[in-house]
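The residues making up each chain are set out below.
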Amino acid sequence: SQKIEQNSEALNIQEGKTATLTCNYTNYSPAYLQWYRQDPGRGPVFLLLIRENEKEKRKERLKVTFDTTLKQSLFHITASQPADSATYLCALDGRAGGGADGLTFGKGTHLIIQP
Amino acid sequence: GAGVSQTPSNKVTEKGKYVELRCDPISGHTALYWYRQSLGQGPEFLIYFQGTGAADDSGLPNDRFFAVRPEGSVSTLKIQRTERGDSAVYLCASSLGAGEETQYFGPGTRLLVL
């Protein structure tokens with residue numbers, strides 16, 4: 001069955017360093033992969049989308065890579081700030097796994113940036 | 001402009017009761033999604049509307065769950081004979097249309113079934 005894995009344990013990073021989050025998937029052939037940010041008590045907020053034919057995409061301090069051979073995406077936040085502390089969710093097109101029209105999400109990684 | 005709004009923000013009900021959760025999508029967005037999120041988990045897809053019709057309801061867990069979108073805008077998720085296991089945050093999202101990948105989420109409705 002389709003599976004998306006994110007490190008669900010909290011990731012502690014010192015302010016100013018680069019935070020790297022991992023998303024691995026199995027039994028999918030996604031046309032694209034998305035990353036969302038979720039703060040406590042709020043809905044997810046879209047950050048970046050990367051397509052299967054793209055190796056890397058950047059937006060300000062954010063960088064996403066997508067390796068369809070390894071079935072993995074890496075999400076980087078450079079020059080991290082305490083305000084970056086949140087849960088980050090990886091999402092795939094559910095149809096890519098033979099499933100539904102909605103997104104299929106990982107459990108998320110809770111990122112804590114220590115001042 | 002206004003984002004996706006959901007009401008109520010919190011709902012406490014007793015086991016066996018009926019509840020309705022409302023979603024107002026972003027104006028002009030034809031695609032609407034409902035998800036359910038349990039503590040420590042990512043959102044789980046429930047149902048997708050394109051316009052007024054439910055294009056995919058494969059995520060609804062059982063026939064106690066039903067959703068409508070009669071005019072292609074506001075949507076209501078209805079849960080009959082609620083059970084304690086239904087307690088979760090119910091999220092609504094909208095997007096411009098079919099094939100538009102980015103989804104815009106509302107703040108969610110926190111449902112607690114006692």
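The rules behind each value
Residues numbered from 1 in each chain as written. Chains lettered and ligands numbered in written order. Predicted model: local features only at pLDDT ≥ 70, side-chain atom pairs only at ≥ 80, totals over all residues. Heavy atoms only, no water. Contact = heavy atoms within 4.5 Å. Buried area = accessible area lost by both parts, 1.4 Å probe. Salt bridge = Lys/Arg side-chain N within 4 Å of Asp/Glu carboxyl O. Polar contact = N/O pair within 3.5 Å; in protein donor to acceptor, adjacent residues only side chain to side chain. Helix = DSSP H or I, 4+ residues; strand = E, 2+ residues; numbered from the N terminus. Nonpolar A, V, L, I, M, F, W, Y, C, P; charged D, E, K, R; others polar. Buried < 20%, exposed > 50% of the residue type's maximum accessible area, 1.4 Å probe, protein only.

Colleague: What should I look at first to understand the interface of chain B and chain A in this one?
Modeller: One frequently used descriptor of interface size is the decrease in accessible area upon assembly of the parts. The interface of chain B with chain A comprises 20 residues on the first partner and 19 residues on the second. For the pair chain B and chain A, the summed buried area comes to about 1,500 Å², and 53% of that belongs to carbon and sulfur atoms. When residues of chain B are sorted by the area they lose upon contact with chain A, B:Pro43, B:Glu101 and B:Phe105 head the list and together hold 33% of the total. Between chain B and chain A we count 0 salt bridges in total. Inspection of the region where chain B meets chain A yields 5 residue pairs in polar contact (both at pLDDT 80 or more). Secondary structure elements with two or more residues in the side of chain B that touches chain A: strand 4 (31-37), strand 5 (44-50) and strand 6 (53-56) of chain B. Considering every element that reaches the side of chain B that touches chain A, the biggest residue donor is strand 4 of chain B, with 3 residues. Classifying every residue of the side of chain B that touches chain A by side-chain character gives 9 nonpolar, 8 polar and 3 charged.

Colleague: Explanation requested: unusual backbone geometry in the structure shown.
Modeller: One can expect most non-glycine residues to show negative phi and most peptide bonds to be in trans. A cis amide bond links B:Thr7 to the next residue, B:Pro8, at an omega of -10 degrees. In this fold, B:Pro8 is placed in the loop between strand 1 (5-7) and strand 2 (10-13). Phi is positive for A:Asn27, which is not a glycine, with a value near 60 degrees. Mapping A:Asn27 onto the fold places it in the loop between strand 3 (19-26) and strand 4 (32-38). Positive phi, normally seen in glycine, also occurs at B:Arg81, with a value near 45 degrees. You can see B:Arg81 is positioned in the loop between strand 8 (75-79) and strand 9 (88-95). Residue classification places B:Arg81 among the partly exposed residues on the basis of a relative accessible area of 47%.

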